[in-house]
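These are the residues of each chain, in order.
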Amino acid sequence: VDPNGLALGLVMAAALALGLLTRPKSDPDVAPLPDAQPESWTSRLSAALLGPDRRWLATLLLLVPLGLYAYATVLAASRAGQVALALVLLMFCYMRVGWVGVMLASVLAAPLALLSRRSEAEAAYSTVTRILTYLNGYEAFWDHPLFGVGFANYGRISFLNAHNSFLLAVTETGLLGGSLFLLGVYLCLKLLLAVLYWPGSDTDLADARELLEIKHLARTLLAMLTGVLCCVMFLSLAFDVLWLLP
């Protein structure tokens, strides 16, 4: 029904696939435990399903849908989804390899972000209508700054939906609801960054190995949430449970 909503789901799925592809397998700073099995739970799961000699199949089963996600995002003609997917790819490469990985990933991410199935006239019309609906929301906010125009009432003050989840939240629920909305986003980012930069210097070997998995999960969720935030900057999904999942 909604190509933009589809693109949002594809971005989250792609981030999860990249997280599984880049899961930690071993750490040179952590000595192996006696009779230790594969370190991460995803490694143990793939070993149980595919056996130790068929890990390449698990990788293939993640790479193929990842390519299909990117192709489907282009077909959905959601520029926000394409940019968000490219951003997720760049984030994973930076977290794994650093700036060298970003430069290499840019070669793949640039075509994904720049491809378009829209004509020049369609793109221009979309830009103009978005600017007009932004202005309508801006004016309505100043008319009702404290509590907003009311939930699901954006359609009454504009000919088009907000096309920006943050503007939608502030316009419909005012400063009170908009502040709570931004606070929720902030707390999610703060939690993930706190986990990601947890020192872990006083943990034993078993806890250190578990900490590696938890930090990788935080990286995956951070990339997913960043891609989603990029999407909802251009979509009216402020109160949609789909993007609140991460």
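Residues numbered from 1 in each chain as written. Predicted model: local features only at pLDDT ≥ 70, side-chain atom pairs only at ≥ 80, totals over all residues. Heavy atoms only, no water.

A few points about helix α8 (residues 165-196)
With 32 residues, α8 extends just 27 Å between its outermost C-alpha atoms, more than 12% less than the 46 Å of an ideal straight helix rising 1.5 Å per residue. By the largest-angle criterion, Gly174 marks the main kink of α8, which is about 140 degrees. The distance from a side-chain oxygen at the start of α8 to the backbone nitrogen of Phe166 is 2.9 Å, and the residue carrying that oxygen is Asn164. (Helix = DSSP H or I, 4+ residues; strand = E, 2+ residues; numbered from the N terminus. Expected span 1.5 Å × (residues − 1). Bend = angle between axes of the 7 residues up to and from the residue. Polar contact = N/O pair within 3.5 Å; in protein donor to acceptor, adjacent residues only side chain to side chain.)

Concerning unusual backbone geometry
Despite not being glycine, Ala152 has its phi angle at roughly 65 degrees, a positive value. Position of Ala152 among the secondary structure elements: in the loop between α6 (120-143) and α7 (154-157). Classification of Ala152 by relative accessible area gives exposed; the value is 56%. In this model, His163 sits at a positive phi of 60 degrees, which is unusual for a non-glycine residue. Tracing the chain through its elements places His163 in the loop between α7 and α8. By relative accessible area, which is 14% here, His163 ends up buried. (Buried < 20%, exposed > 50% of the residue type's maximum accessible area, 1.4 Å probe, protein only.)

Points about the nonpolar core
Within the largest apolar cluster, 37 residues are counted, with the highest numbers of intra-cluster contacts made by Val11, Val88, Phe92, Leu229, Cys231 and Val232. Of all the elements in the fold, those that place two or more residues in this core are α1 (3-21), α3 (55-75), α4 (79-97), α8 and α9 (205-232). Not counting residues within four places of it along the chain, the set of residues in contact with Cys231 comprises Leu8, Val11, Ala80, Gly81 and Ala84. (Core = buried A, V, L, I, M, F, W, Y, C linked by side-chain atoms within 4.5 Å. Contact = heavy atoms within 4.5 Å.)

Details of the packing of aromatic side chains
With the rule as written, the count across this model stands at four aromatic pairs. Ring pairs connect the aromatic residues Tyr138, Phe141 and Trp142, which therefore count as one cluster. (Phe/Tyr/Trp six-rings, centres within 6.5 Å; stacked < 30°, edge-to-face > 60°.)

Quick word on the environment of Leu90
With respect to the helices, strands and loops of the structure, Leu90 is situated in helix α4. Of the residues examined, Leu90 reaches a relative accessible area of 23% and is grouped as partly exposed. Separated by 13 residues in the primary sequence, Leu90 and Met103 place their C-alpha atoms 8.5 Å from one another.

Some remarks on the confidence of the model for the protein
In this model, the protein carries a mean pLDDT of 79, and residues with pLDDT of at least 70 account for 76%. The least confident element of the protein, judged by mean pLDDT, is helix α2 (residues 41-50) at 54; the most confident is α8 at 92. (pLDDT = per-residue confidence, 0-100.)

Describing the side chain of Thr171
Tracing the chain through its elements places Thr171 in helix α8. The exposure class of Thr171 is buried, given its relative accessible area of 0%. Of the polar contacts made by the side chain of Thr171, one reaches the backbone oxygen of Gly137; its length is 3.4 Å. For Thr171, the side chain forms a polar contact with the main-chain oxygen of Leu167, separated by 2.7 Å. Among all residues touching Thr171, those that are not within four sequence positions of it are Gly137, Ala140, Phe141, Gly148, Val149, Tyr154 and Ile157.

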